[in-house]
Amino acid sequence: MTLGLNLDRVAHCYQSELQLFAERHPRSAGFYRENLKHWLYGAPLHWMQQWPGLYPILVADAQGATLTDCDGNRYVDFALGDTGAMFGHGQPAVAEAIAHQARHGSTLMLPTADSLWVGQELVRRFGLPFWQVTTSATDANRFVLRLCRMITGREKVLVFNCNYHGSVDESQVEFDADGQMIPREGVHANGLRHDATTRLVEFNDLPALEAALAHGDVAAVLTEPFMTNVGMVPPAAGFHDGLRELTQRFDVPLIIDETHTISCGPAGYSGEHGLQPDFFVLGKCIAGGIPTAVWGASQAMAERIWQVLPHFQPGQAINHFGFGGTLAGNALQMAAMRATFSEVMSAANYAHMIALAERLRAGVQALIAKHRLPWHVTRIGARVEYLFMDHAPRNGGEAHHARHGLIEAYLHLYLLNRGVLLTPFHNMALLCPAATTDDVDLHNRLLDECLGTVTQGETP
Ligand SMILES: Cc1ncc(COP(=O)(O)O)c(C=O)c1O
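Parameters and conventions
Residues numbered from 1 in each chain as written. Predicted model: local features only at pLDDT ≥ 70, side-chain atom pairs only at ≥ 80, totals over all residues. Heavy atoms only, no water. Salt bridge = Lys/Arg side-chain N within 4 Å of Asp/Glu carboxyl O. Helix = DSSP H or I, 4+ residues; strand = E, 2+ residues; numbered from the N terminus. Buried < 20%, exposed > 50% of the residue type's maximum accessible area, 1.4 Å probe, protein only. Domains from an automatic or database assignment. Contact = heavy atoms within 4.5 Å. Buried area = accessible area lost by both parts, 1.4 Å probe. 1 Å grid on protein atoms, 1.4 Å probe; cavity = no way out; pocket = protein on both sides within 12 Å on 5 of 7 lines; lining within 4 Å. Points joined across faces, edges and corners; volume = space filled by probe spheres on them. Nonpolar A, V, L, I, M, F, W, Y, C, P; charged D, E, K, R; others polar.

**Quick word on the pattern of salt bridges**
Under the criterion given, the structure shown has 22 salt bridges. As a salt-bridge pair, E17 and R418 come within 2.9 Å of each other at their nearest N and O atoms. Of the two residues, E17 is situated in helix α1 (residues 7–24) and R418 in the loop between α14 (405–417) and β15 (420–421); the sequence distance between them amounts to 401 residues. Residue E17 is classed as buried on the basis of its relative accessible area, which comes to 6%. According to the relative accessible area criterion, R418 is partly exposed, its value standing at 27%.

**Considering the domain arrangement of the chain**
Where interface size is quoted, it is often the accessible area lost as the parts come together. When cut into domains, the chain gives domain 1 (7–87 + 346–455) and domain 2 (93–344). At the interface, 31 residues of domain 1 touch 29 residues of domain 2. Of the roughly 2300 Å² buried where domain 1 meets domain 2, counting both sides, 62% is carbon and sulfur surface. In terms of surface lost to domain 2, no three residues of domain 1 exceed F87, Y350 and I380, which account for 23% of the buried area on that side.

**Comments concerning empty space enclosed by the protein**
Evaluated as defined, the whole model comprises 1 cavity of 30 Å³ or more. For the largest cavity, the calculated volume is near 40 Å³. Around the largest cavity sit F160, N163, Y164, H165, T223, E224 and M227, which together line it. Of the residues contributing to the lining of the largest cavity, the split by class is 3 nonpolar, 3 polar and 1 charged.

Okay, structure coming up:
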């Protein structure tokens, strides 16, 4: 038995699930064969190929919490575009706002009236006084890091082991078995010398953080408030107070990336727990699928930015400031964000999503006990994740070691074959406003069946 399961049996059952997948998805197979002829990895983004099964299912329609594929299979979608569609597919108010603005100019390199509303809303909701828009959370993180280097004159970025903040070069590192920082497995360093760009520390390790900041060369600390990309790693008691105290003591800007933790509530984890970052980053779900992210800066940070990059004066030489984006801040993003913030990211919707997430968490907790698995389940707001270790990890390294490719692949595929989608890169379920108790109960029933198949008996 490994991690509570008979692995031979898991491997055997997984083969049967692959066969079932092929039987249930013949049209997707045909599309995939065609797509392989022109897409580098058989899909417009290679991540789409990393779902469980033999190839990506081709989507015919998505509405609310439901997705239908080209073979007519219907799914309850708990992946929700890996948070990009956290408020559900085809939200009518957002779809309408996008369609309306598309008829009146999508991208103009000029502000529209919606920008006024959205700017005020960002300040009201998240507390920071100054904001900018980008086309992805990756870009928002990159730009804020660039600015932090400009205002501090320092070079290095401090990130936590097993972080994910998008394909931000400096962050693509991890600890090896000897605790040395190396390029992340499978990601080429691309000529970057990480020892010149990055300091790496385990999450929740305040003494290591203090030692790293004491070098005096760190331009910014970039972190999620609650790690979500390697399984979920909660901040230990006192961690956020310590993080804030140390970053202030060493005069290092603190960037809180809430791209995933916005699942916690209408103002994210920071709003729920009173965090006071210098910069705040948020992306993915805030514009109904129109590629959009925002970053906010405190008054003190804005003033430091204006010292190195002053407001433009007419007649000055044009300066692109080293960050931006032709499509960033455009009219379509603004219309979509306005509709999302005003109609969708409401306290009432969060209450519904969180209640369902709690039902799912409690169900999984009961199954872990029933099947005597050394696993645990964590929930932050509308996001639930189960991990193959019996307690919440203290840091990314611990969480990383609890992953198991075969078990994950089998669980995901079993669920997918029966109409439930989990987020492909880990055992994560998101609950959207359109989800129902029946949807949650379907997940919990299927997981029970699936675990029953591999916790008992010999390999046939
Ligand atoms: C915390 C966090 N930040 C940033 C990103 C990057 O988002 P995007 O791929 O939309 O740029 C991700 C993506 O998963 C994320 O989880």
